[in-house]
Amino acid sequence: MKIDPTHILKEHSLKHTKQRVRVLEEIALDTVAISQPELEKKLGKEIDRVTLYRILNIYEDKGILHRIMDMNGTANYAICSSSCSEDHHHDEHIHFNCTSCHKIYCLDVAVPHSTMPKGFTAKTVNTTAYGICEKCNLSVKKN
């Protein structure tokens, strides 16, 4: 996914820092969600754990990233759609958690609409499907 970190930071009234740009660049490199531990490993000593944690929280609060929990309860992050804002995330799509490679994909499949009971207001709805991703299915067929 091609993104412009400088534009995103400006659009969300965030100060342009080298660390903030690097986090966005790294997350945008792949088509799968990435966990904080993976980001720490990839960024090495460029960004310490506390700064990375703060950046991820700010990005989530501002509607730049959305968080997906994996099978182990670890938070993973992916770039939000351009329609997300600080007030509301519009990432109502299915997340696919591969039980073979453990990668999490944001699928372009809408979450089925559901009506909330009286007195309940849903701000965000997400669904996670578990199974074998396309890449893992292909490697099984080759063997």
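Note that this is a predicted model, so its numbers are computed, not measured.

Visitor: An account of the overall build of the protein is requested, with residue identities and associated values reported.
Guide: Along the backbone of the protein there are five helices and six strands. Scanning the protein from its N terminus toward the C terminus, one meets helices and strands in the order α-α-β-α-α-β-β-β-β-β-α. Counting all 143 residues of the protein, 38% fall into the buried class. For the protein, long-range pairs separated by at least 24 residues make up 54% of all intrachain contacts whose partners lie at least 6 apart in sequence. Of the roughly 9,400 Å² that the protein leaves accessible, carbon and sulfur atoms contribute 52%. Distance from the positive charge centre (19 side chains) to the negative charge centre (18 side chains) of the protein: 4 Å.

Visitor: Account for the packing of helix α2 (residues 18-28) against helix α4 (residues 49-62), with residues named and values stated.
Guide: Interhelical geometry of α2 versus α4 gives an angle of 70 degrees and a closest axis separation of 10 Å. Relative to α4, α2 is oriented roughly perpendicular. Residues Gln 19, Arg 20, Val 21, Val 23, Leu 24 and Ile 27 of α2 pack against Leu 52, Ile 55, Leu 56, Ile 58 and Tyr 59 of α4. Grouping the amino acids of the contact of α2 with α4 by side-chain chemistry returns nine nonpolar, one polar and one charged.

Visitor: Quick one: what's the story with the sheet that holds strand β2 (residues 65-69), residue by residue and with numbers?
Guide: One open sheet holds the three strands; their spatial order is β1-β3-β2, and the pairing between them is antiparallel. Edge strands, defined here as strands with exactly one partner in the open sheet, are β1 (34-35) and β2. As defined by bridge partners, β1 adjoins strand β3 (residues 75-79) across two bridges and the pair is classed as antiparallel. Across the sheet, Ser 35 pairs through a bridge with Asn 76, a residue of β3.

Visitor: Would you mind going over the state of the cysteines in detail, with residue names and values included?
Guide: Every disulfide links exactly two cysteines, by a covalent bond between their sulfur atoms. Under the criterion given, the structure shown has zero disulfides. In this structure Cys 98 is a free cysteine whose sulfur lies 3.6 Å from that of Cys 101, the closest cysteine sulfur available. For Cys 98, a relative accessible area of 0% translates into the label buried. Cys 136 forms no disulfide, and the closest cysteine sulfur to it belongs to Cys 133, at a distance of 3.6 Å. On the basis of relative accessibility, which here comes to 10%, the residue Cys 136 falls in the buried class.

Visitor: Describe the UniProt feature "binding site: Zn(2+)" (unreviewed entry) in the protein, listing the residues and the values that go with them.
Guide: This chain's UniProt record puts "binding site: Zn(2+)" (unreviewed entry) on Cys 98, Cys 133 and Cys 136. For the residues just named, distributed over 39 residues, the greatest C-alpha separation is only 8.3 Å, placing them together at one site. Examined against the element boundaries, Cys 98 turns out to sit in strand β4 (residues 93-98). With sequence-adjacent residues up to four places away left out, Cys 98 is seen in contact with Met 71, Lys 103, Gly 131, Ile 132, Cys 133 and Cys 136. Looking at where Cys 136 falls in the secondary structure, it is placed in helix α5 (residues 134-142). If we ignore the near neighbours within four places in the chain, the residues touching Cys 136 are Cys 98, Ser 100 and Cys 101.

The rules behind each value
- Residues numbered from 1 in each chain as written.
- Predicted model: local features only at pLDDT ≥ 70, side-chain atom pairs only at ≥ 80, totals over all residues.
- Heavy atoms only, no water.
- Helix = DSSP H or I, 4+ residues; strand = E, 2+ residues; numbered from the N terminus.
- Buried < 20%, exposed > 50% of the residue type's maximum accessible area, 1.4 Å probe, protein only.
- Contact = heavy atoms within 4.5 Å.
- Areas by Shrake-Rupley, 256 points an atom, 1.4 Å probe, with all protein chains shown as cover.
- Lys, Arg positive; Asp, Glu negative; His and termini not counted.
- Charge placed at Lys NZ, Arg CZ, Asp CG, Glu CD.
- Axes fitted to C-alpha atoms, helices over the stretch in contact; angles between N-to-C directions.
- Parallel < 35°, antiparallel > 145°, perpendicular 65-115°, else oblique.
- Nonpolar A, V, L, I, M, F, W, Y, C, P; charged D, E, K, R; others polar.
- Pairing = 2+ DSSP bridges.
- Disulfide = S-S within 2.5 Å.
- UniProt positions renumbered as here; feature names shortened; annotations may be inferred.

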